[in-house]
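Examining the three-dimensional arrangement
Residue strings, one per chain:
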Amino acid sequence: MPTPTGPRPSVSPPRARVDGLRIQARRVTQRVRGTGRVLHDVSFDAAPGEIVVIAGSSGAGKTVLLETLAGLRAADAGAVLHNGVRPGPPGPEFGFVPQEDILHRDLPLHRTLVYAAGLRMPPATSAASVTAAVDRVLASLGLSHRAAAPVRALSGGERKRAGVAAELLTGPRALFLDEPTSGLDPVTGAALLRTLRSLAEDGTTIVLTTHVLADLLRGDQVVFLSPGGQVAYAGEPGALCDAFGVDTVEDVYGVVAEGVVSERAVPEGAVSVGAGPEGARTGPAPDGTGVPRVGPAARPVPRQRVGAVRQWSLLTRRGTALLLHNRLSVAVLAGSPVMIVAMFAVLFRAGAFDPADPDPGSTAMIMFWIAFGAFFFGLTYGLLQICAELPVLRREWLAGLQIGPYVSSKLTIMLPVLAAADALLLAVLRALDRLPAAGWDTYLSLFVSSVLASAAALALGLLASAAVTDPGQATLMLPLLCFPQVLFSGAFVPVPRMTGAGEAISWAMTNRWAFEALGSGVGLEALWRDGASRLGPPLLDSYGDSFAGPAGRGWLILAGFTLVFLAATWAVLVRKCRGGVVRDRAGA
């Protein structure tokens, strides 16, 4: 009996016939910054409904060629044509599956695909239509029985098929996959190729890269690249070994590494004449170079994009669900306030704000640790929000996701949680008599200061999370971001006692402004000055006028930091998403 990952996927309900793309590479040359020329004079055709396997040794340019064929990179020389015209901006006509997983792992597969469909399908699509589309692609890929399973519980082959399922939601005409069988066992890899064969039989053009030898014999055409990024062979898989006069595919890699090019490789300048839509006909150039004349880029088929507000709403719902399904996130959310409250209970005695027996040193430190607690909440909640899902974000950006709604959704999800944690912290401290008996105006001021401190720290955490590449790096950022906030907040070394350089650095510390706003809100200045008549010189005079100004000044500065950090996060994510998508808008 076949295993769950091995059988040919079900084709019930049947898929509609797809009008596949004809993909043509015409003397494509590509350079990569820092590497130099990666591809040189690459030419071949991929017919609709055909599986093209791009092979070659590591560094031969397989992934760069795949991205160029998909239109994610503009060729430095030559041309890539989709049905006779240059590809337009990325859209629903093709699917692209990178090596990394492009689905969140914590939600059930069906629910994950429903969210993916919400970002890819037209906004007028009804919920019933979205569910039907998800059910259809799950059935066609043999994943219906795994619909309720979390993505993390899927096998390697099932996760690969799940990634393909997300791309099939919009019925693409071409599907590009970067090493889809990498890391899979032979049986599972063969099953995935059978899935792709089924898609090709329905008309979808399939282009994939691979290091797996068996994959070369399962396509309709093999494009074998030499180490210099040239085509060493382009043709039928069955003739590959004969073309190089060897017995095995392994031997092909050896002879190509030695610089051998098959006589059956695409000859230089040999370009078949094709006809695209009117005004975009292709053919040999008058100068005989073989680079075709092409018209302007294909205009994308008009398609109503999902609006920013709808994207923000969908991302907020999905982010909330992911947060609640992730055990680490829940542990951090619950554990951080408990840890801070326990620290207060151990460090400070009750009654520090008692006017009859004030403890100025403790009152200053209590305000600092409230400020730092709010900062710590926001930073730890933000650090893991983006880096763990960068591959998902990049793919969804290609599908039309806007970075603004994405960043806004993170703030929308986390800020209420932070506000609740800050309110709980203040309530517990008051119950433990670590804060003074004061009116609602005082505690409203403390609450606003804490929430703004958390918001600024959350935005800083999001920026750091966007800047790194994995959760391990984000974890290392935690102490690096915390130490300066402690040292230059003005609590342990008052700002008036700092050197000029230290004071300048303190201006960039959100914790300084939170500390001063909290001190102003609780009335430290009045407490200390009133105490001077009974206890001698002004208490803690070294702080100068740190707490003499209104709390509102600190609020404005904290709000400004929040906006600056969020804008920087947006800019970093835009740069990262565009990093591999180099498109010449004038020529394309």
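In short, a report on the structure. (Residues numbered from 1 in each chain as written. Predicted model: local features only at pLDDT ≥ 70, side-chain atom pairs only at ≥ 80, totals over all residues. Heavy atoms only, no water.)

With that settled, consider the overall build of the protein. Counting secondary structure elements, the protein contains 18 helices and nine strands. Going through the 588 residues of the protein one by one, you find that 54% of them count as buried. Considering only contacts within the protein whose residues lie at least 6 apart along the sequence, 75% involve residues at least 24 apart. Split by element, the accessible area of the protein, about 24,500 Å² in all, is 61% carbon and sulfur. (Helix = DSSP H or I, 4+ residues; strand = E, 2+ residues; numbered from the N terminus. Buried < 20%, exposed > 50% of the residue type's maximum accessible area, 1.4 Å probe, protein only. Contact = heavy atoms within 4.5 Å. Areas by Shrake-Rupley, 256 points an atom, 1.4 Å probe, with all protein chains shown as cover.)

So, about the sheet that holds strand S6 (residues 174-178). Ordered by their spatial adjacency, six strands build an open sheet running S5-S6-S7-S3-S8-S9, and the pairing between neighbours is mixed. The two strands at the open ends of the sheet, each matched to only one other strand, are strand S5 (94-97) and strand S9 (231-235). Along the sheet, successive strands turn relative to each other by an average axial angle of 10 degrees, direction set aside. Two elements, S6 and strand S7 (residues 205-209), share five bridges in a ladder whose sense is parallel. Within S7, the residue paired with Leu-175 across the bridge is Ile-206. (Pairing = 2+ DSSP bridges. Axes fitted to C-alpha atoms, helices over the stretch in contact; angles between N-to-C directions.)

Among the secondary structure elements, Ala-200 is positioned in helix H5 (residues 186-201). Taking relative accessible area as the criterion, Ala-200 reaches 3% and is therefore assigned buried. Separated by 25 residues in the primary sequence, Ala-200 and Leu-175 have C-alpha atoms spaced 9.4 Å apart. Here Ala-200 is in contact with Gly-49, Ile-51 and Ile-206, once residues within four sequence places are set aside.

What follows is about the nonpolar core. Grouped together as the largest cluster of nonpolar side chains are 79 residues, with contacts concentrated most on Phe-344, Phe-353, Ile-366, Met-367, Ile-370, Leu-435 and Leu-573. Ranked by residue count, the leading element in this core is helix H10 (residues 360-383), at 16 residues. The residues touching Leu-573, leaving out its near neighbours within four places in the chain, are Ile-386, Leu-390, Leu-393, Ile-403, Tyr-406, Val-407 and Ala-466. Counting 51 residues, the second-largest nonpolar core is a separate cluster that includes Val-130, Ala-149, Val-164 and Leu-177. (Core = buried A, V, L, I, M, F, W, Y, C linked by side-chain atoms within 4.5 Å.)

Let us now look at the pairing of S7. Burial analysis of S7 places five of its five residues in the buried class, the great majority of the element. Across four bridges, strand S3 (residues 51-56) lies against S7 in parallel orientation. What sits directly across from Val-52, in S7, is Val-207. At this point the chain moves from S6, through H5, to the parallel S7, and the crossover so formed is right-handed. (Right-handed = clockwise from strand over helix to strand, strands pointing away.)

Across the sheet, three strands lie side by side as S2-S1-S4; this open sheet has antiparallel pairing. Two strands bound the open sheet, and with one partner strand each, they are strand S2 (36-46) and strand S4 (77-82). For this sheet, the mean angle separating the axes of adjacent strands, direction not counted, is 25 degrees. Two strands pair when backbone bridges link them, and strand S1 (residues 23-32) and S4 are joined in this way by five bridges, in the antiparallel orientation. Across the sheet, the residue bridging to Arg-26 is Ala-79, located in S4. Contacts between helix H1 (residues 62-69) and the sheet are confined to S1, S2 and S4, with S2 contributing the most and set at about 55 degrees to the helix.

With respect to the helices and strands, Arg-120 occurs in helix H2 (residues 109-120). Of the residues examined, Arg-120 reaches a relative accessible area of 5% and is grouped as buried.

Moving on, we get to the packing of helix H13 (residues 440-467) against helix H16 (residues 510-522). Relative to each other, H13 and H16 sit at 175 degrees, their axes nearing to 8 Å. For the element pair H13 / H16, the angle class is roughly antiparallel. Contacts between H13 and H16 involve Thr-442, Ser-445, Leu-446, Ser-449, Ser-450, Ala-453 and Ala-456 from the former and Thr-510, Ala-514, Ala-517, Leu-518, Gly-521 and Val-522 from the latter. Partitioned by chemical class, the residues of the contact of H13 with H16 number seven nonpolar, six polar and no charged. (Parallel < 35°, antiparallel > 145°, perpendicular 65-115°, else oblique. Nonpolar A, V, L, I, M, F, W, Y, C, P; charged D, E, K, R; others polar.)

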